[in-house]
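The primary structure of each chain is shown beneath.
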Amino acid sequence: AQTVTQSQPEMSVQEAETVTLSCTYDTSENNYYLFWYKQPPSRQMILVIRQEAYKQQNATENRFSVNFQKAAKSFSLKISDSQLGDTAMYFCAFTANAGGTSYGKLTFGQGTILTVHP
Amino acid sequence: GAGVSQTPSNKVTEKGKYVELRCDPISGHTALYWYRQSLGQGPEFLIYFQGTGAADDSGLPNDRFFAVRPEGSVSTLKIQRTERGDSAVYLCASSLSITDTQYFGPGTRLTVL
């Protein structure tokens, strides 16, 4: 079974600073995808960034980047130049590629509440 | 374009009643997923559809839960004989295919009194 662990229940950061959210996962699959989703109080789950396991290069989306360490099964999210609008719950999620035993469905971590202070 | 929509946004019902939750996916998305999110937790997978058929329903907690997608577009999650433990936010997501990114709707908050 796949598991995703986020060990930081809460984090806080000052506006314009950088913060890193941690995520580790466990799987026997070789082909899979990893995601970070953001869920503000409005409840809407919004994709932040996506990483394919077969790609060695870390994904980047504007102020958001990941540090993907496949051997260590670690997938952390770095938010640069934090903004007040980044305040939300952040979820790390995993899905196996088609052909694996758990393709299709996402397995989520417990989430990290991020608060950006002015 | 329009995103995933879910109705109702909130549903309050009494223990033992039957409820239906609706999901309207992004047009053209063949895969549709249902998740349940309890307060302060990450979403948990319930079921997903590839077209009209349920490809994986291993997350449905018991036989009181059932979902359909008769025409391969809109899906309905049905809960019979609701219990207080069913109270949660029910999220729907859709994707072009099972290997593509899932896009989520705003969820339905179900409260069972």
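Residues numbered from 1 in each chain as written. Chains lettered and ligands numbered in written order. Predicted model: local features only at pLDDT ≥ 70, side-chain atom pairs only at ≥ 80, totals over all residues. Heavy atoms only, no water.

Further remarks concern the overall build of chain B. Check the secondary structure of chain B and you find zero helices and eleven strands. In chain B, the succession of α and β elements from N to C terminus is β-β-β-β-β-β-β-β-β-β-β. With respect to the principal axes defined by its C-alpha atoms, chain B has extents near 35 × 25 × 25 Å. Sorting the 113 residues of chain B into buried and exposed places 45% on the buried side. Sequence-distant contacts, at least 24 apart, represent 54% of the contacts inside chain B between residues at least 6 apart. A total of about 5,200 Å² of accessible surface is found on chain B, and carbon and sulfur atoms cover 48% of it. (Helix = DSSP H or I, 4+ residues; strand = E, 2+ residues; numbered from the N terminus. Buried < 20%, exposed > 50% of the residue type's maximum accessible area, 1.4 Å probe, protein only. Contact = heavy atoms within 4.5 Å. Areas by Shrake-Rupley, 256 points an atom, 1.4 Å probe, with all protein chains shown as cover.)

Turning our attention to the overall build of chain A. In terms of regular secondary structure, chain A is built from zero helices and twelve strands. Reading chain A from its N terminus to its C terminus gives the helix and strand order β-β-β-β-β-β-β-β-β-β-β-β. Taken over the C-alpha trace, chain A has a radius of gyration of 14 Å; the compact-globule value for 118 residues is 13 Å, and the two agree within 12%. Taken along its principal axes, the extent of the C-alpha atoms in chain A is 45 × 30 × 20 Å. Within chain A, the proportion of its 118 residues that are buried is 52%. Restricting the contact set of chain A to residue pairs at least 6 apart, pairs at least 24 apart contribute 56%. (Rg over C-alpha atoms; globule rule 2.2 N^0.38 Å.)

What follows is about the state of the cysteines. Covalent bonding between the sulfur atoms of two cysteines defines a disulfide. Residues and elements named next belong to chain A. Applying the stated criterion across every chain, the model contains two disulfides over all chains. Sulfur-sulfur distance for the disulfide between C23 and C92 comes to 2.0 Å. Because the torsion about its S-S bond is -70 degrees, the bridge between C23 and C92 counts as left-handed. Linking C23 in the loop between β3 (19-21) and β4 (24-26) with C92 in strand β10 (residues 88-96), this pair joins segments that are 69 residues apart in sequence. (Disulfide = S-S within 2.5 Å.)

Strand pairing in a sheet relies on backbone hydrogen bonds, with the paired strands running either antiparallel or parallel. Residues and elements named next belong to chain B. Taken together, four strands build an open sheet; the order of strands is β1-β3-β8-β7 and the sheet is antiparallel. Only two strands of the sheet have a single partner each, and these edge strands are β1 (5-7) and β7 (65-68). Each strand axis lies, on average, 15 degrees off the axis of its neighbour in the sheet, ignoring direction. Alignment of β1 against strand β3 (residues 19-24), held across three bridges, turns out to be antiparallel. (Pairing = 2+ DSSP bridges. Axes fitted to C-alpha atoms, helices over the stretch in contact; angles between N-to-C directions.)

Once that is clear, we can look at the pattern of salt bridges. Applying the stated criterion to the full structure yields eight salt bridges over all chains. Here R22 of chain B ties to D24 of chain B by a salt bridge, and the two come within 3.6 Å at their closest N and O atoms. A relative accessible area of 27% places D24 of chain B in the partly exposed class. E83 of chain B is paired through a salt bridge with R64 of chain B; the nearest N and O atoms lie 3.6 Å apart. With E83 of chain B in the loop between β8 (75-79) and β9 (88-95) and R64 of chain B in the loop between β6 (53-56) and β7, the pair connects residues that are 19 residues apart, well separated along the chain. When salt bridges that share partners are traced, they join R50, E52 and K55 of chain A into one network. (Salt bridge = Lys/Arg side-chain N within 4 Å of Asp/Glu carboxyl O.)

Quick look at the interface of chain B and chain A now. Each side of the interface is counted separately: chain B has 26 residues, and chain A has 20 residues. It is T99, T101 and F104 of chain B that lose the most area in chain B upon contact with chain A, and together they represent 29% of the buried surface on that side. On inspection of chain B and its partner chain A, the count reaches one salt bridge. Across the salt bridge formed by K105 of chain A and D56 of chain B, the nearest N and O atoms sit 3.8 Å from each other. Across the contact surface, chain B and chain A share nine residue pairs in polar contact (both at pLDDT 80 or more). (Buried area = accessible area lost by both parts, 1.4 Å probe. Polar contact = N/O pair within 3.5 Å; in protein donor to acceptor, adjacent residues only side chain to side chain.)

What follows is about the nonpolar core. One broad rule of soluble globular proteins: the nonpolar side chains tend to lie buried together. All names here are of chain A. Residues Y25, W36, F75, L77 and Y90 are the most contacted members of the largest nonpolar core, which totals 26 residues. When contributions to this core are tallied by element, the ones reaching two or more residues are β3, β5 (32-39), β6 (46-52), β8 (64-69), β9 (74-79), β10 and β12 (112-117). Top element by residues in this core is β10. It accounts for five residues. (Core = buried A, V, L, I, M, F, W, Y, C linked by side-chain atoms within 4.5 Å.)

Tracing the chain through its elements places D56 of chain B in strand β6. Within polar-contact distance, the side chain of D56 of chain B engages the side chain of S58 of chain B at 2.7 Å. Contact partners of D56 of chain B, with chain neighbours within four places excluded, come to K105 of chain A together with F45, L46, I47 and Y48 of chain B.

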